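Report on the structure
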Amino acid sequence: METKNIIFELRTKNGLSQDELAEKIYVTRQAVSRWETGETVPNTETLKLLSQLFDVSINTLLGFPRQLICQCCGMPLDDSSISKETDGTFNEEYCKWCYTDGKFVYTSLEELINFLVEHMSNENWPPEQARAYFETQLPKLKYWNQTK
């Protein structure tokens, strides 16, 4: 879905007129109209305000231009699983299970791998195979590269 459609859908779903939305995010009604016709796209600061107002990620506002994955555990991210900073803004790098209340939950790669193997292995993906996968893939993620 395109940004113009997403903004229109979020605005109408929340029962806001173009004037009301404009007032809430400090722009003109004409700016909102131009976004909804696809003439322009909101700037970065305005995207942040829209993100907070509608409680969706900037990635969602832009029509999911990139597939987000948690840079700690590798889980695909969507608005329901993306972590938030203590001020309520989305942190699109981590899931809410790896990063919460401004802090990382896992400080040890081995601890995370043990948790994932315990909860994700099954008869189709035996524990030894799951462990080998996580031991190979997780060290490639940003969080584990920073903690080296």
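Described below are features of the structure shown in this document. (Residues numbered from 1 in each chain as written. Predicted model: local features only at pLDDT ≥ 70, side-chain atom pairs only at ≥ 80, totals over all residues. Heavy atoms only, no water.)

Here's the deal with the packing of helix α1 (residues 3-13) against helix α3 (residues 29-37)
Operational definition: The angle between two axes is taken between their N-to-C directions and runs from 0 to 180 degrees, where each axis is a line fitted to C-alpha atoms and a helix contributes only its stretch in contact. Helix and strand definitions here come from DSSP, where helices need a minimum of 4 consecutive H or I residues and strands a minimum of 2 consecutive E residues; each element is numbered from the N-terminal end. Relative orientations are named as follows: roughly parallel for angles under 35 degrees, roughly antiparallel for angles over 145 degrees, roughly perpendicular for angles from 65 to 115 degrees, and oblique for any other angle. A contact between two residues is defined here by any heavy atoms of the two lying within 4.5 Å. When residues are sorted by character, Ala, Val, Leu, Ile, Met, Phe, Trp, Tyr, Cys and Pro go into the nonpolar class, Asp, Glu, Lys and Arg into the charged class, and all the rest, Gly among them, into the polar class.
At a closest axis distance of 6 Å, the pairing of α1 and α3 adopts a crossing angle of 125 degrees. Accordingly, the angle class assigned to the pair α1 and α3 is oblique. Of the residues in α3, those touching α1 at K4, I7, F8 and R11 are V32, W35, E36 and T37. Classifying every residue of the contact of α1 with α3 by side-chain character gives four nonpolar, one polar and three charged.

Description of the environment of T107
Put simply, the rule is: With a 1.4 Å probe rolled over the protein chains alone, any residue whose accessible area is under 20% of its type maximum counts as buried; one over 50% counts as exposed, and the rest are partly exposed.
Inspection of the secondary structure assignment puts T107 in the loop between β4 (103-104) and α6 (109-120). Of the residues examined, T107 reaches a relative accessible area of 63% and is grouped as exposed. Counting along the chain gives 37 residues from T107 to W144, while the straight-line C-alpha distance between them is 9.1 Å.

Here's the deal with the side chain of N59
Position of N59 relative to the elements: it lies in helix α5 (residues 58-61). In contact with N59, not counting residues within four places along its chain, are F64, P65, R66, L68 and E92.

So, the nonpolar core
Keep this limit in mind: As used in this record, nonpolar core signifies buried Ala, Val, Leu, Ile, Met, Phe, Trp, Tyr and Cys residues forming a set joined through side-chain atoms within 4.5 Å.
Counting residues in hydrophobic clusters, the biggest one holds 22 residues, and the most contacted among them are C70, C72, L112, L138 and W144. In terms of residues, this core owes the most to one element, α6, which gives four residues. When near neighbours in sequence (up to four residues on either side) are disregarded, C72 contacts Y94, C98, L112, L138, L141, Y143 and W144. Residues I6, L21, V32 and L47 belong to the second largest nonpolar core, which totals 15 residues.

Focus: unusual backbone geometry
Look at D55: it is not a glycine, yet its phi comes out positive at around 55 degrees. Tracing the chain through its elements places D55 in the loop between α4 (44-54) and α5. Here the phi dihedral of D101 falls at roughly 55 degrees; this positive angle occurs in a residue that is not glycine. Among the structural elements, D101 can be located in the loop between β3 (99-100) and β4. For D101, a relative accessible area of 62% gives the class exposed.

Regarding the pairing of strand β2 (residues 90-95)
Here is the rule: Strands are treated as partners if at least two bridges between them are detected by DSSP.
Most of β2 is tucked away: five of the six residues are buried. Between strand β1 (residues 82-84) and the antiparallel strand that follows it, β2, lie five residues; G88 among them carries a positive phi value of about 95 degrees.

Re the packing of aromatic side chains
Definition in use: The criterion for an aromatic pair is that two Phe, Tyr or Trp rings (for Trp, the six-membered ring) have centres within 6.5 Å, with stacked assigned to planes under 30 degrees apart, edge-to-face to planes over 60 apart and tilted to the rest. Placement of a positive charge over a ring is assigned whenever Lys NZ or Arg CZ falls within 6 Å of the ring centre and within 35 degrees of the normal to the ring plane.
Inspection of the entire model under this criterion finds 10 aromatic pairs. Ring centres of Y143 and W144 lie 4.6 Å apart, and the angle between their planes is 75 degrees; this geometry places the pair in the edge-to-face category. W144 matches Y143 in its accessibility class, with the two residues each being buried. Among the aromatic residues, ring-to-ring pairing joins Y94, Y99, F104, Y143 and W144 into one connected group. Sitting above the plane of the F90 ring, K84 keeps its charged end 4.9 Å from the centroid.

Notes on the environment of K142
Its location among the elements puts K142 in helix α8 (residues 142-146). Judged by relative accessible area, K142 falls into the partly exposed class, the value being 31%. Dropping the residues within four chain positions of it, K142 is found in contact with Q71 and E93.

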